[in-house]
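# Reading the structure
Listed here are the chains, written in short residue letters.
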Amino acid sequence: MEIRGLLLGLGGFFCIYRSLSAESTCKLKAKFNLNGYKDVEKKRVVVGGMFPVHMRVASSDGNTSKVPVSSGCEGFNFRTFRWTQTMLFAINEINERTDLLPYTDLGYVIYDSCFTISKAVEGTLTYLTGQDEAVPNYRCGNGAPLAALVGAGGSDLSTATARILGLYHFPQVSYFSSCSSLSNRFPFPTFLRTIPNDDHQSTAMAQMVLHFGWTWVGVIAADDDYGKYGIKKFKELVEEAGVCISFSETLPKVRSPEAIHSIVKTVVESTAKIIVVFSSEVDLSPLITELLLQNVTNRTWIASEAWTTSALINRAGVNSILAGTLGFGVRRADIPGLQRHLLGLDPYTDPLTEEFWEMLFNCTLNYGRALQMAKQKAEEVNSTQPRAVRGVPDGLCTGSESVAQLNNTYSDVSQLRITYNVYKAVYAVAYALHNLEHCEPGKGPFTQNSCANISNFEPWQLMYYLKNVRYKVPHTEEEIYFNDGEIEGFYDIINWQVSSDGEISYVNVGHYNGSAAQEDRLHLMNGSIIWNNEALEPPRSVCSENCQPGTRKGIRQGEPVCCFDCIPCADGEISNTTNARECILCSGDYWSNDAHDACVPKIIEFLAFDEPLGITLIVISAFGALVTIAVGVVFVLHIGTPLVKANDALLSFSLLFSLVVTFLCSIVFLGEPKHWSCMTSQVALALGFALCLSSIMGKAAVLMLRAQALKAVRVRAKAAAKAAKAAAEAAANSGSPDVIVTNINNNDISATTDPEVDRLTCAHQRAITSLATLIQAIACTVWLIILPPHPIKNTSAQNIKIILECDEGSLVFICCIFAYDILLALLTFIFAFMARKLEDHFSEAKCVTFGLLVFFIVWISFVPAYLSTRGKFMVAVQIFAILASSFGLLTCIFFPKCYILLVKPERNKEEMMKPRAKPRDGCLSGTSASLATAATEVNTSFASTAIDDQAR
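All figures in this text were calculated on a predicted structure; none of them were measured in a lab.

## Notes on the overall build of the chain
- When helices and strands are tallied, the chain shows 25 helices and 27 strands.
- Sequence separation of at least 24 residues holds for 71% of the intrachain contacts in the chain that already meet a minimum separation of 6.
- Here the chain has roughly 45,500 Å² of accessible surface; of this, 57% comes from carbon and sulfur atoms.

## Regarding the packing of aromatic side chains
- Across all of its chains, the model carries 36 aromatic pairs by this definition.
- Between Tyr423 and Tyr427 the ring centres are 4.9 Å apart and the planes differ by 55 degrees, which places this aromatic pair in the tilted class. Of this pair, Tyr423 and Tyr427 both sit in helix H14 (residues 418-437), 4 residues apart, roughly one helical turn.
- Judged by its relative accessible area of 1%, Tyr423 is buried.
- Among the aromatic residues, ring-to-ring pairing joins Phe689, Phe829, Phe855, Phe856, Trp859 and Phe862 into one connected group.
- One Lys or Arg, Arg470, reaches over the ring of Tyr481 and ends 4.1 Å from the middle of that ring.
- The aromatic ring of Phe894 is capped on one face by Lys897, whose charged end is 5.7 Å from the ring centroid.

## Focus: the pattern of salt bridges
- On inspection of all chains with the given rule, the structure shows 24 salt bridges.
- Among the ionic pairs, Arg97 bridges to Asp99, the shortest N-O distance being 2.7 Å.
- Lys119 is the salt-bridge partner of Glu122, the closest N and O atoms lying 3.4 Å from each other. Within this pair, Glu122 and its partner Lys119 are both found in helix H3 (residues 117-129), separated by 3 residues, close to a single helical turn.
- Accessibility expressed as a relative area gives 13% for Glu122, which makes it buried.
- Salt bridges here are not isolated pairs; linked through shared partners, they connect Arg331, Lys424, Glu478 and Glu488.

## Topic: the sheet that holds strand E5 (residues 106-112)
- Ordered in space as E1-E5-E2-E6-E7-E8, the 6 strands form an open sheet in which the pairing is mixed. With one partner strand each, in any of the chains shown, strand E1 (36-39) and strand E8 (191-193) form the two edges of the open sheet. When strand polarity is set aside, the average angle formed by the axes of neighbouring strands in this sheet is 25 degrees.
- Pairing analysis gives 3 bridges linking strand E7 (residues 172-174) to E8, with the strands arranged parallel. Each bridged residue has a counterpart across the sheet, and for Gln172 the counterpart in E8 is Phe191.

## Re the nonpolar core
- Judged by nonpolar contacts, the single largest core of 104 residues is most densely connected at Phe234 and Leu433.
- Per-element accounting of this core gives the leading share, 14 residues, to H14.
- Counting 56 residues, the second largest nonpolar core, distinct from the first, contains Leu685, Ala700, Ile900 and Leu901.

## Notes on helix H7 (residues 257-269)
- The end-to-end C-alpha separation of H7 is 18 Å, in line with the 18 Å expected for 13 residues at 1.5 Å each.
- Inspection of H7 places Ile260, Ile263, Val264, Thr266 and Val267 among the buried residues, and these make up the whole buried set. Mapping the buried residues of H7 onto a view down its axis gives an arc of 160 degrees, with all of them on the same face. Structural note: H7 exposes Pro257, Glu258, Lys265 and Glu269 on the side pointing more than 90 degrees away from its buried face.
- Each element contacted by the buried residues of H7 is listed here: strand E9 (216-222), strand E10 (244-251), strand E11 (274-278) and helix H8 (281-294).

## Topic: the sheet that holds strand E27 (residues 801-807)
- One open sheet holds the 3 strands; their spatial order is E25-E27-E26, and the pairing between them is mixed. Each edge of the sheet is formed by a strand with only one pairing partner; in this case those strands are strand E25 (603-605) and strand E26 (790-794). Along the sheet, successive strands turn relative to each other by an average axial angle of 25 degrees, direction set aside.
- Bridging between E25 and E27 involves 3 bridges; their strand directions are parallel. Pairing of Ile603 across the sheet is with Lys801, part of E27.

## What to know about a nonpolar patch on the surface
- On the surface, Leu771, Leu774, Ile775, Ile778, Val782, Ile785, Ile786 and Leu787 cluster together into a nonpolar patch covering about 730 Å² of accessible area.
- Relative to the helices and strands, Ile785 resides in helix H21 (residues 762-786).

## What to know about empty space enclosed by the protein
- Applying the stated criterion across every chain yields a total of 6 cavities of 30 Å³ or more.
- Approximately 60 Å³ is the volume attributed to the largest cavity.
- Lining the largest cavity are Pro52, His54, Met55, Asn77, Thr80, Trp83, Phe115, Phe176, Ser280, Glu281 and Val282.
- The set of elements that each furnish at least two residues to the lining of the largest cavity consists of strand E3 (54-57), helix H2 (78-96) and H8.

## Section: the packing of H14 against helix H15 (residues 459-467)
- Between H14 and H15, the least distance of the axes is 8 Å, while the angle of their chain directions is 110 degrees. By the angle between their directions, the pair H14 and H15 is classed as roughly perpendicular. Between H14 and H15 lies a crossing whose hand is right-handed. Note on element contacts: H15 touches H14 through Gln461, Leu462, Tyr465 and Leu466, opposite Ala428, Val429, Ala432, Leu433, Asn435 and Leu436.

Conventions used here
- Residues numbered from 1 in each chain as written.
- Predicted model: local features only at pLDDT ≥ 70, side-chain atom pairs only at ≥ 80, totals over all residues.
- Heavy atoms only, no water.
- Helix = DSSP H or I, 4+ residues; strand = E, 2+ residues; numbered from the N terminus.
- Contact = heavy atoms within 4.5 Å.
- Areas by Shrake-Rupley, 256 points an atom, 1.4 Å probe, with all protein chains shown as cover.
- Phe/Tyr/Trp six-rings, centres within 6.5 Å; stacked < 30°, edge-to-face > 60°.
- Buried < 20%, exposed > 50% of the residue type's maximum accessible area, 1.4 Å probe, protein only.
- Lys NZ or Arg CZ within 6 Å of the ring centre and 35° of its normal.
- Salt bridge = Lys/Arg side-chain N within 4 Å of Asp/Glu carboxyl O.
- Pairing = 2+ DSSP bridges.
- Axes fitted to C-alpha atoms, helices over the stretch in contact; angles between N-to-C directions.
- Core = buried A, V, L, I, M, F, W, Y, C linked by side-chain atoms within 4.5 Å.
- Expected span 1.5 Å × (residues − 1).
- Arc of directions from axis to C-beta.
- Patch = residues over 30% accessible without salt bridge, like charges linked within 9 Å, V, L, I, M, F, W, Y side chains within 5 Å.
- 1 Å grid on protein atoms, 1.4 Å probe; cavity = no way out; pocket = protein on both sides within 12 Å on 5 of 7 lines; lining within 4 Å.
- Points joined across faces, edges and corners; volume = space filled by probe spheres on them.
- Parallel < 35°, antiparallel > 145°, perpendicular 65-115°, else oblique.
- Left-handed = near helix turned anticlockwise from the far one by under 90°.

Geometry only, nothing functional implied.
Here you go:
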């Protein structure tokens, strides 16, 4: 037993020795240089806080040959220092209340994060350790428990601290970190915030851009989670709605003049007039400085809540650049008693307040440092020490300076927005502790309905109460609760307006409520907004002006979709919306109007009776018909006269009737085409001209035969004359002329006493006319039965019009029918041309020839004119051709006869119808009325020739 005890003792000693040896090998790797406030003595619970009181850490010399020292901070920020004092004010206010944590005094530990991730991490490790020296994964000391962390400022800082605090389920309530990535509960399970998620702000910015119709915007974001996630969401929303991003720039986190110059150059060169900035005031400040130097104006800035009311940005001289800015600000509130607290600081309580005082009044609270500065200044001036140095040195703060008189950012409580978030965050922790403290035993939320001990609770136990806290903020009565760590997205919309004293004032011109219905979220008082350069109308920011109705977008190759050309819609196509991507084709009986923004019914076109052209054609047609009837009346009145009798009266009247038909059928072509009018007009025209031309052909055939007979008589007469002359000469030479002359004359007379004239009688002429007309009538009947003409809507001839016209039904039929009329005209012309040398006192053959020449000239001219016109003018050309040819025939054939009947009645005699002498060649001349006496005249001539020869 003794040996066993000895061995156990040696083993224990060895373990203790090893343990002590191991502990001796632990050492502190570094000591953090942290500034802030601390009050934990005799406090039951401690609340942590972290604020970016300074803008950056001081740069190190990079020397690695000596022990590294935790960096200090520089760039004191009065705005964030006010946030720090607000936390102190809220804790003091809570400690003085009897209805909230009545048995618990709150202490605090507040550190300066210097707006730097490394400092935020240093502060976090120090919080968790519980003492100024950080020991990871250990809680050192037996002081009051640390309840929660209020902070740590920007989104990047909170992301770093939340990753560490989440490992230990340590609650964190942020007042300024709005990045949407922090809403992810997996990496950040204990993160809550009293500022809305940036998803709301990005959506609000996108809706504002769409509200004002801006389609060409530039974006600038800080190089951190806040800027990257915020601008990413904004770009997704606006690009989905058709807005284009002119440029996208990133603000450097480390000072970089080259990068700032590059961004300013991009802003200047871009045509975008709207620039959205997602950045903190610290990161944006260098860019504003450069914009001031280069005097970049005529831009409208859309500000995120991080710099909307920042005094660091709203500095002297920014009016020309930032006037008209629209920004989103979180809820504003007045906090009674805060300003008194801010103005009542004691500068000697701690180093951070001392630095604030020295920065605020540009002096020092350290007497030795003030004395040294005075000496250096004196040496620089005249190398002599003034008397003032021996007393109170210049630059020494008295500690009684008035903060209120400076009226700077720190003491300005007119725009308490982030400050109010700090106030709400502290109260959220206080109410959660209050609920934890007043938990009823047996009704608690933990295992077996147990409650936590306010003096010794675990962070995860407080986290439960924080997630479920619901309270009303003192003085404002705003109800606060967390929905999965988030609060509702509500923003005031702030317009930067230049006041009468030349200073920028923040004017509330609307709000955005992310909890409202989609259409009611954004509310803007457009009339209250004053834009840059004091304009009252919103600026236009488009790469290309909107394509108005009547045009469509034509995308430019290699450029954003917002950069386009406006291409007019083609005829027959429309666009009735702004920025239409495609034109719409008008269908059916519709066509585009002149503006190409609406489909309108096509113009219905036909040659109407009541329009001037129609009236003119009716008058001309009626006049032609009346004149033709008048000619018929004249012929009836003179039907027994030689001139009328010399022509077949029935053919003359049938010709006049056909001319009346052709004159009147032209009227049927007018008006809206109907089935009956289409059939009547074409058939009446074909039959009218067939009757007209066949009647003329009957006359011309007789004239042609007479001319041929007369020509034969002349030939025989010449031959007989030559034979008689030869016989006479032979008789004279032989001495017995009587025998020779008698024989010759008898032969000639027998040859010429019965010439073949008028082999076509009137009956024949009428039969020809009737047969020719009947053939046309049969053809027209077949046409009307098989494929009759019918009215159609011609939409292809003219796009803008619907031409009501007649479809011939069959092109073959109509070509055959009018070819037949042309054939009749050609035959008639040939007959008349062959009879043109009949030498009556009235030469009808010549009249017919001229009439048909006019007919041919008119219809030959009609063809190209008809083919080159469309619509009602095509009908007009056709009617003009009908009228012109009818007038030509009427004038050439009947007017000479009427002239003799009415003006020269003395020529209307039988003898005037006889032949005229033709003495130039001694040949007989004759007419259609003189051929009956031709043989007698030839015999008389022969007899006288023989007697004369005998007399000789």
